[in-house]
Amino acid sequence: MNIFYRKRFLIFAIFLCILILFLDIYSTKVAGADTGDSDYEHALATTPKGLNWNNNNFVIAKFPPKPANAPIDSPSGKKYSYDNNATIVRSKNPATKDTSVISLTNGTYQVGAVWSNFEKGNYFDLSHEQIASMWIYFGNTGGEVPGDGMAFVLQNDKRKENAIALSSTGIPVNGQSLGVWGADWDKTNLYPENIAKTAIQNSWAMEFDTYKNLLTGANEISGEGVSFDANNPGTYSQHIATGFPASDKTYVKQKAGNTNPPIYYYTMHHDNFIGIENLVDSNWHHVTIKWSPDISVNSQTTPTGGTMTYSYNDKNPDGSTPDANNIKSTSFHLDTANFNLQSDSKLYWGFTGSTGKYYENNLMVFESIPSFVDAEATTKIHDNTQNRDIEKNDSQVYPNDDVSYFYNLDYKGWTKTWNGINAKMNVPKNIHFTSGTVSYPATGNTYQIPSDKFLNDPASIETVLPEQLNQDSRKAIVELKGHTETIATEKLNVPSAHASFEGDNLITDTNTIPFFIQARNLTLKSNFPDIKKIGQHEDVDIPAELEYHDGTSLVSSNMTVYSSINDKNLPSFKLNDSNPATGFMLHLSSDQLSSKINIVKFYVVDNLGNKTNVITKQINVGGTVQFGSVSPQLNFKTMNLTSPNEIIPRMNNWQIDVIDSREKGSSWSVQANASKLTDSKTHQEFDGALIYRDPTGKVSYLNNDLTIAENSKDNDDTQEKSITENWNSQDGILLLSNSQNKAGNYSGEINWSLIDSLNNK
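Quick caveat: nothing in here was measured; it's all calculated off a predicted structure.

The rules behind each value
- Residues numbered from 1 in each chain as written.
- Predicted model: local features only at pLDDT ≥ 70, side-chain atom pairs only at ≥ 80, totals over all residues.
- Heavy atoms only, no water.
- Phe/Tyr/Trp six-rings, centres within 6.5 Å; stacked < 30°, edge-to-face > 60°.
- Helix = DSSP H or I, 4+ residues; strand = E, 2+ residues; numbered from the N terminus.
- Buried < 20%, exposed > 50% of the residue type's maximum accessible area, 1.4 Å probe, protein only.
- Lys NZ or Arg CZ within 6 Å of the ring centre and 35° of its normal.
- Pairing = 2+ DSSP bridges.
- Axes fitted to C-alpha atoms, helices over the stretch in contact; angles between N-to-C directions.
- 1 Å grid on protein atoms, 1.4 Å probe; cavity = no way out; pocket = protein on both sides within 12 Å on 5 of 7 lines; lining within 4 Å.
- Points joined across faces, edges and corners; volume = space filled by probe spheres on them.
- Nonpolar A, V, L, I, M, F, W, Y, C, P; charged D, E, K, R; others polar.
- Polar contact = N/O pair within 3.5 Å; in protein donor to acceptor, adjacent residues only side chain to side chain.
- Patch = residues over 30% accessible without salt bridge, like charges linked within 9 Å, V, L, I, M, F, W, Y side chains within 5 Å.
- Areas by Shrake-Rupley, 256 points an atom, 1.4 Å probe, with all protein chains shown as cover.
- Salt bridge = Lys/Arg side-chain N within 4 Å of Asp/Glu carboxyl O.
- Lys, Arg positive; Asp, Glu negative; His and termini not counted.
- Charge placed at Lys NZ, Arg CZ, Asp CG, Glu CD.
- Core = buried A, V, L, I, M, F, W, Y, C linked by side-chain atoms within 4.5 Å.
- Contact = heavy atoms within 4.5 Å.
- pLDDT = per-residue confidence, 0-100.

Turning our attention to the packing of aromatic side chains. Two aromatic rings are characterised by how far apart their centres lie and by the angle between their planes. Scanning the entire structure with this criterion turns up 23 aromatic pairs. Taking 5.7 Å as the distance between ring centres and 35° as the angle between the ring planes, the aromatic pair formed by tyrosine 211 and tyrosine 358 counts as tilted. Of this pair, tyrosine 211 sits in the loop between strand 8 (203–209) and strand 9 (238–243) while tyrosine 358 sits in the loop between strand 16 (346–354) and strand 17 (361–366), placing them 147 residues apart in sequence. For tyrosine 358, a relative accessible area of 23% translates into the label partly exposed. Within the aromatic cluster, the residues linked to one another by ring pairs are Phe58, Phe152, Trp204, Tyr310, Phe332, Trp349, Phe351 and Phe366. Above the ring of phenylalanine 406, the side-chain terminus of lysine 380 is found at 5.2 Å from the ring centroid.

Here you go:
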């Protein structure tokens, strides 16, 4: 046995040596321990956040086997590569270590192609709006001229996930082809359709071309594609452009000089051309590609066209928006007839790339997969003190104004849920957040963001959203509550702040608008309760005091107090020594407090025009009774099938609260009535009704007003009571099914009425 193993090892060692010698003779240049390799490591070490996949969402194309009579060398003696050089690796950036990275090329005379996996539901659907967002990287190679670039491709080639541009002799087309355009490898070719046949068929491509192929002299035409860019507009040698690789109109025949026999070469017609000074800068750049189909005619599945928009450099790796001059973007109409689709609207999508005499590191990271999830994040800022939305560059926000930042997530589609969403919201300068919630309109659920997230004025608020977004629950609203900077002796800037939302199938982000906080040297303060209950015919004195933040001395006679009750202005008055600025009283008589609920507002203006903040207080005469928190949406449990006389229980916690600040002995009752339930899509009515089952087991229908709760106060304290707190799974409001209902999503309305007395029985 020992002899056998020794012989086996020896044979393997000899074979390995032979293999190494073979590779040394025939391999193309691959980045090793040189500057190209260090650039590759730099790319992985600085990789931005992108999607992670472990289920083969993308396919590395399998190129056809090398033909038996295929040439080894190009006309100029360069080596062909018959293998796909693309690989999928992981980020080495500790902050984004789970990000998947596609590497297309890293040496000379290579070809790479990676396509979406149809079997995993990954495709580009022309019948819907689609967004593909990604990071791309073109890395330098130690000072050498870079080449050649890569292309984003949509295709309906019969080779599907194995599509690649192949020469007439079966060679994967490198160099200026980028793996997608046809091969201009025949100096005697008279017909552009011969080039078009070698391209990826039924395709459209957006190229990121890093090498300008512009040779046109008869002695320069080598028969390996060197002229596609000879007629490009502009002065930059690198560019972004689009076109149809399999269309003979893409390739324009040219004649090189007056040779005999004649020598021909082809330039390429570039659509939507944008010159770029330097794509290859060893930095990650963001690209967003958006498709919006034309309105379908005669209910066609596949639209005849649509608008394609691409934006390059539209986001920095930290999520901020670059200078507008650095963003390159264009929109154009795209004719879908070139895809030669029959009854389907789905295309393969992916990236191809190639190199020739020169090379670079070509890598990419995806943030979104078009057919998986499409969602939009938007923001709004509301000034709660002034009860108005803040606009961009608004300058009428004041110190210590209460504000709410809203981050709205809108799920648009498509085939997968958006789950495990990690929300990270940077806190703008001069804003202090103190609390927050996450709410879902479809489920009616609201969750508090843990209070420890707001301790010590953090630079960002980060939380994982508790529910997924999908076809049935499309919206999530994150609200962060806080206030502007308390003291502002000069005008303060509140800059735009980035927020990211990173889930399993999508990474998206947004930025808040910037605005200004007005300078305020004079501040008004009051320790009077925000809500005060008083008896009938009772006067009220609201204490307050003034302060200059720059140390200016207070002169009472320079101060004028302005006030209102329920938006009705009261006479203004000046302060004096008996009612000084250092501590004065706003006196309100009982006849001025004529309503049960009185909203009092007041502020002070000095003789120089400095205006204080507005203080708002609520004074309740004799107390009030009113609804507190009421769930905007209430749900019942999902059932596979319903049977006759089946009771369907509630889902989640229903919240209907009543707040009573009246005197002892006051009473109230709550009544409810409900509409029919219908399916919003089919308009089918649910065969059944909402019922109320009381603790004794008595069942009543909610087709008319029905008293479901009542209470009498036993003290003078303000009481907040939940009418659902004692409901269990067998009582309270339930859903009764009369028969076996069809599957659907049924909805209706419950009307709540609060009556400030007990129900007459």
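Moving on, we get to the sheet that holds strand 21 (residues 422–426). One open sheet accounts for 4 strands, arranged 24-21-27-28; its pairing is antiparallel. At either end of the open sheet lies a strand with only one pairing partner, and these are strand 24 (460–464) and strand 28 (507–511). The sheet shows a mean angle of 10° between the axes of neighbouring strands, taken without regard to direction. Where strand 27 (residues 498–502) and strand 28 come together, 5 bridges link them in antiparallel fashion. Paired with alanine 499 across the two strands is threonine 510, which belongs to strand 28.

This paragraph deals with the pairing of strand 21. Sheet topology note: the strand 21/strand 27 ladder contains 4 bridges and is antiparallel. The residue bridging methionine 425 from the neighbouring strand is alanine 499, located in strand 27. Pairing analysis gives 5 bridges linking strand 21 to strand 24, with the strands arranged antiparallel. By the bridge assignment for strand 24, asparagine 426 is matched with serine 460.

Quick look at the layout of surface pockets now. The space that makes up the largest pocket amounts to roughly 1,400 Å³. Along the wall of the largest pocket there are 42 residues; nearest its centre are Leu634, Asn635, Phe636, Asn745 and Tyr746. Contributions of two or more residues to the lining of the largest pocket are made by strand 40 (635–636), strand 51 (746–747) and strand 52 (750–755). When grouped by side-chain class, the residues that make up the lining of the largest pocket number 16 nonpolar, 19 polar and 7 charged. For the second largest pocket, the calculated volume is near 760 Å³. Ile131, Thr288, Lys290, Thr508 and Asp509 are the residues nearest the centre of the second largest pocket, which is lined by 30 residues in total.

In this fold, asparagine 232 is placed in the loop between strand 8 and strand 9. Here histidine 270 takes part through its side chain, which lies 3.0 Å from a polar atom of the side chain of asparagine 232.

What follows concerns a negative patch on the surface. Side chains of Glu538, Asp539, Asp541 and Asp591 sit close together on the surface and give a patch of like negative charge. Take aspartate 591: its relative accessible area is 61%, and that puts it in the exposed class.

To continue, consider the nonpolar core. The biggest cluster of nonpolar side chains holds 43 residues, and the ones touching the most others in it are Ile136, Phe152, Trp204, Phe208 and Phe351. The residues touching phenylalanine 351, leaving out its near neighbours within four places in the chain, are Leu104, Gly112, Ala113, Val114, Met134, Ile136, Met150, Ala151, Phe152, Phe208, Met364 and Phe366. Of all hydrophobic cores here, the second largest spans 36 residues; its members include Ala375, Tyr411, Trp418 and Phe454.

Right, let's talk about the sheet that holds strand 41 (residues 646–648) for a bit. The 4 strands lie next to each other as 41-50-46-47, forming an open sheet whose pairing is antiparallel. Looking at strand neighbours, the two that pair on one side only are strand 41 and strand 47 (699–701), the edges of this open sheet. Neighbour-to-neighbour, the strand axes of this sheet turn through a mean angle of 40°, independent of strand direction. Note that strand 46 (residues 688–693) and strand 50 (residues 732–737) share 6 bridges and pair antiparallel. Opposite isoleucine 691, over in strand 50, you have leucine 734 as the bridge partner.

Let's shift gears to the confidence of the model for the protein. Of all residues in the protein, 93% have pLDDT values of 70 or greater, and the mean over the chain is 89. Predicted confidence for residues 1–35 stays below pLDDT 50, and this span has 23 contacts to residues more than four positions away or in other chains.

With that out of the way, let us pick up the pairing of strand 16. Counting buried positions along strand 16 gives 8 out of 9 residues, so the element sits mostly inside the fold. Sheet analysis places strand 4 (residues 111–116) next to strand 16, joined by 5 bridges and oriented antiparallel. Across the sheet, residue valine 111 finds its bridge partner in strand 16, namely serine 354.

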